[in-house]
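Reading the structure
What follows is the residue order along each chain.
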Amino acid sequence: MMKLKPNQTRTYDREGFKKRAACLCFRSEREDEVLLVSSSRYPDQWIVPGGGMEPEEEPGGAAVREVYEEAGVKGKLGRLLGIFEQNQDRKHRTYVYVLTVTEILEDWEDSVNIGTGSASKRWVS
């Protein structure tokens, strides 16, 4: 099932969960520092980059795309950590992967469109 929203199409699985993908983005293969981005909904909160899957998109590809769009980083997609559900109000089902960052962009196309940039991301141990 799909539902249109301005600037994106929401996709849902057979059980009515919104299909999402995200990555824990690590600075190196040691996995000792992870990248967080500020939330567009709650700017004072820091979150793992991720978002909705496009129609016909595979979870791994969606995760890589979302990380690029939200955080301006590229890297090597690693293992699937798990599939997490938020049942209460939102009914999201999120595929979460490991991504080892190989490139950090200061400015990227979507940073202008969604109003984020290097000031809205940080590395934490």
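Residues numbered from 1 in each chain as written. Predicted model: local features only at pLDDT ≥ 70, side-chain atom pairs only at ≥ 80, totals over all residues. Heavy atoms only, no water.

1. Concerning the environment of L35
Cut-off, in case you're wondering: The helix and strand labels rest on DSSP assignments: H or I over at least four residues marks a helix, E over at least two residues marks a strand, and numbering proceeds from the N terminus. Classification of residues uses two cut-offs on accessible area relative to the type maximum, computed with a 1.4 Å probe and protein chains only: under 20% is buried, over 50% is exposed, and between them is partly exposed. What makes two residues a contact is simply this: any of their non-hydrogen atoms within 4.5 Å.
If you trace the backbone, L35 turns up in strand β4 (residues 34-38). Classification of L35 by relative accessible area gives buried; the value is 2%. In this structure the C-alpha to C-alpha distance between L35 and C25, which are 10 residues apart in sequence, comes to 5.4 Å. For L35, the residues in contact, after removing those within four places along its chain, are C25, P49, A71, V73, K121, R122 and W123.

2. Side note on the pattern of salt bridges
For clarity, the cut-off: Throughout this description, the term salt bridge denotes a Lys or Arg side-chain nitrogen within 4 Å of a carboxyl oxygen of Asp or Glu.
Throughout the structure, instances matching the rule amount to 11 salt bridges. R65 is paired through a salt bridge with E66; the nearest N and O atoms lie 2.9 Å apart. The residues R65 and E66 share a single accessibility class, namely buried. Between R93 and E85 there is a salt bridge, with its nearest N and O atoms 2.5 Å apart. The class for R93 is buried, based on a relative accessible area of 10%. Take E85: its relative accessible area is 44%, and that puts it in the partly exposed class. A single salt-bridge network, built from bridges that share partners, covers E54, E57, R65, E66 and E69.

3. A short note on unusual backbone geometry
Most peptide bonds adopt trans geometry, and most residues besides glycine take a negative phi value. Although it is not a glycine, E31 sits at a positive phi angle of roughly 55°. The topology assignment puts E31 in the loop between β3 (18-26) and β4. The residue E56 is not glycine, and still its phi comes out positive at about 65°.

4. What to know about the nonpolar core
This is how the line gets drawn: Residues enter a nonpolar core if they are buried and are Ala, Val, Leu, Ile, Met, Phe, Trp, Tyr or Cys, with the set joined through side-chain atoms within 4.5 Å.
C23, C25, V67, V73 and L99 are the most contacted members of the largest nonpolar core, which totals 14 residues. Among the elements of the structure, β3, β4, α1 (59-71) and β8 (92-104) are those that each provide at least two residues to this core. The dominant element in this core, judged by the number of residues it contributes, is α1, at 4 residues. Aside from chain neighbours lying at most four places away, what touches V67 is C23, C25, P49, G72, V73 and L99.

5. Concerning the state of the cysteines
The criterion, for reference: Pairs of cysteine sulfur atoms within 2.5 Å are what we label disulfides.
Counted by the stated rule, this structure contains 0 disulfides. Considering cysteine sulfurs only, C25 is the nearest to C23, which forms no disulfide, with 5.2 Å between them. By relative accessible area, which is 0% here, C23 ends up buried. Judged by relative accessible area, C25 falls into the buried class, the value being 0%.

6. Describing the environment of Y97
For Y97, the position within the fold is in strand β8. Accessibility expressed as a relative area gives 11% for Y97, which makes it buried. Along the primary structure Y97 and I83 are separated by 14 residues, whereas in three dimensions their C-alpha atoms are 9.1 Å apart. The residues touching Y97, leaving out its near neighbours within four places in the chain, are A22, C23, L24, P59, G60, A63, L77, G78, R79, L80 and L81.

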